Amino acid sequence: MPNPETQAKITQKLALRTLFLVLFVGVLFGAFYYIKDKRGDFNRDSKADTIGTIAAIQFEDSGQRVCLFSADGKLKVDNDYKKGARDQALAWQPDGNKLFFASDRVGKNFNIFRWDTGSQMEQMTTGTRARNNPSFPIDLQGAEAGESALITTGGSVFEFVVKTKATPQVLPPLGKEISTSGDAGSDEHGIDSQFGALYGKLGNSFRAAKWCKNKGFVAAIMRRDQGEVLVAQDLTPVVGKDGETSFKSPTVLQAADHIEMTVDPKTGNLIYSVQGFQWMDELHIPPKYLNKGKVSYPFQNGIMIFDFTAQSVPIILSNDAAVAYGFLAASPDGSKLIVTSGSYDSATGYSPLVLVTMPLQPGGGAVGSVLARGAIFEPSWDPTGELIAFAMRGPDGKRGIYTVSKDGTGQKKVSGDGDFGFPIFSPQVKAN
């Protein structure tokens, strides 16, 4: 019979072994669920300091590449770029830790890439159809805002889920039985048949899409044979008596030669510009705009607000081809709108001349003020609403990146030599 001291040591060893076994099993389960949650995306939650950073596109002789300007104006490019590739459609993750964009730098098609602004560059999608135009929701707050982005693929609109890389179709809406089918490597979504129905009567393909009203609606610009059409789709599913899911018909907001849009980050309302007003078709022309076969228009160019409950309301309208608007951006607090103003010609397009700020409200254009003058493109607010970045073309035809304060003072050039465009401020701000 073992003595009590020996028995105690044996018991202690068994207890330690049991404890280690429990801890080991716990670590295994923890690792399993961690890997399951990440789905292989271990870089998803990594952090980066991008306060004051401006992402942009650098135009080169045989391509265009994504780049960054730090708050002090230092240029940074990634090392994975291949000469001749085309990077485009920049979109910051809402927390500012990652930059998403579309590129054909790998393979023949455009796909979605993610840059941690350091050394990590990742291809996020694959497939036989191009993936383009990533757009995160603007009016959502917190981690939910960065969970997924809208993209265009094969002429339709899909949701790209960052965590799983799944790509369910959003527009045209699909029935319940197939609304969540498809993944990042599959293009079998049944999109061709959808254009044979209602959406096929509106346009040929989707150029861009944005979520509105906390992802309850999608606004989308469709290409058609001549010009473009803007539609709004309510994403609330309607379940019929037979249990099948359907959706309301889309609301047609505007047809025009060219349309641009943004979203009010506070209200989720849609703001859009119209260049070259068009009637949707001859059947939709009110009699007062038909005089002995001659068609007239309520306006030529303008900026509108749509809140998804009533008709669009104008911020400013113009019947003069020499006064048109484009490149919209709403301030972070939703109080102001910056736009470029210039001339529009259906043959030559839009020529911006000044950068203007105005209250983001009906009729706000009546009290607009000029912030900067020149051939100005793609303005972007910084997340504090104090500074604006924009691209401006110089006498040599090349564009530089500039910043100016919200009152039009302190304009300065951020970029050095080179040709740059599409500046977009990181949404990251200092913690309180």
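Summarised in this report is the structure supplied together with it. Predicted model, so just to flag it, every value in this text is computed and none were measured.

## A short note on the layout of surface pockets
So, step 1. Its volume calculated, the second largest pocket comes out at about 810 Å³.
So, step 2. Taken together, 28 residues line the second largest pocket, and the ones lying closest to its centre are V252, L253, Q254, A255 and M280.
So, step 3. Listing elements by their share of the lining of the second largest pocket, those giving two or more residues are helix 3 (198–202), strand 17 (251–263), strand 18 (270–278) and strand 21 (301–306).
So, step 4. At four residues, strand 17 tops the list of elements feeding residues into the lining of the second largest pocket.

## Section: the pattern of salt bridges
So, step 1. In this structure the tally under the stated criterion is ten salt bridges.
So, step 2. In this structure, the salt-bridge partner of R105 is D78, at a minimum N-O distance of 2.9 Å. With a gap of 27 residues between them, R105 in the loop between strand 5 (99–103) and strand 6 (111–115) and D78 in the loop between strand 3 (75–77) and strand 4 (87–92) connect regions that are remote in the sequence.
So, step 3. For R105, a relative accessible area of 5% puts it in the buried group.
So, step 4. When the shortest N-O distance is used, the salt bridge between E159 and K215 registers 3.7 Å. Separated by 56 residues along the polypeptide, E159 in strand 10 (residues 156–161) and K215 in the loop between strand 12 (205–212) and strand 13 (217–223) bring together distant segments of the chain.
So, step 5. Judged by relative accessible area, E159 falls into the buried class, the value being 18%.

## Overview of unusual backbone geometry
So, step 1. In this structure, the amide linkage connecting L171 to the following residue, P172, adopts the cis form with an omega of -10°.
So, step 2. Mapped onto the elements, P172 comes out in the loop between strand 11 (169–171) and helix 2 (191–194).
So, step 3. Phi angles above zero are rare outside glycine, and A89 is one such case at about 55°.
So, step 4. Checked against the element boundaries, A89 lands in strand 4.
So, step 5. Overall, the relative accessible area of 25% leaves A89 in the partly exposed class.
So, step 6. In this structure, K213 takes a positive phi of about 55° despite not being glycine.

## Digging into the environment of A330
So, step 1. For A330, the location among the structural elements is in strand 23 (residues 324–330).
So, step 2. Overall, A330 belongs to the buried group, its relative accessible area being 13%.
So, step 3. Put simply, A330 and W381 are 51 residues apart on the chain and 7.6 Å apart in space, counted from C-alpha to C-alpha.

## Section: the sheet that holds strand 26 (residues 369–373)
Backbone-to-backbone hydrogen bonds pair the strands of a sheet. The strands run either parallel or antiparallel.
So, step 1. Strand order in the open sheet formed by four strands is 23-24-25-26, and the pairing between neighbours is antiparallel. Both outer strands of the open sheet, strand 23 and strand 26, are each paired with one neighbouring strand and no more. Each neighbouring strand pair of the sheet contributes to a mean axis angle of 30°, computed without reference to strand direction.
So, step 2. Where strand 25 (residues 349–359) lies against strand 26, four bridges are found, and the strand directions are antiparallel. Considered in strand 26, the bridge of T357 is made with S369.

## Considerations on the nonpolar core
So, step 1. Core analysis: the biggest nonpolar cluster contains 23 residues, and L230, M261, L270 and Y272 have the highest contact counts within it.
So, step 2. The set of elements that each furnish at least two residues to this core consists of strand 12, strand 13, strand 14 (228–234), strand 17, strand 18 and strand 21.
So, step 3. If one sorts the elements of this core by residue count, strand 17 sits on top with five residues.
So, step 4. Counting 16 residues, the second largest nonpolar core, distinct from the first, contains L150, L171, V231 and M280.

About the cut-offs
- Residues numbered from 1 in each chain as written.
- Predicted model: local features only at pLDDT ≥ 70, side-chain atom pairs only at ≥ 80, totals over all residues.
- Heavy atoms only, no water.
- 1 Å grid on protein atoms, 1.4 Å probe; cavity = no way out; pocket = protein on both sides within 12 Å on 5 of 7 lines; lining within 4 Å.
- Points joined across faces, edges and corners; volume = space filled by probe spheres on them.
- Helix = DSSP H or I, 4+ residues; strand = E, 2+ residues; numbered from the N terminus.
- Salt bridge = Lys/Arg side-chain N within 4 Å of Asp/Glu carboxyl O.
- Buried < 20%, exposed > 50% of the residue type's maximum accessible area, 1.4 Å probe, protein only.
- Pairing = 2+ DSSP bridges.
- Axes fitted to C-alpha atoms, helices over the stretch in contact; angles between N-to-C directions.
- Core = buried A, V, L, I, M, F, W, Y, C linked by side-chain atoms within 4.5 Å.

Nothing here speaks to function; it is all geometry.
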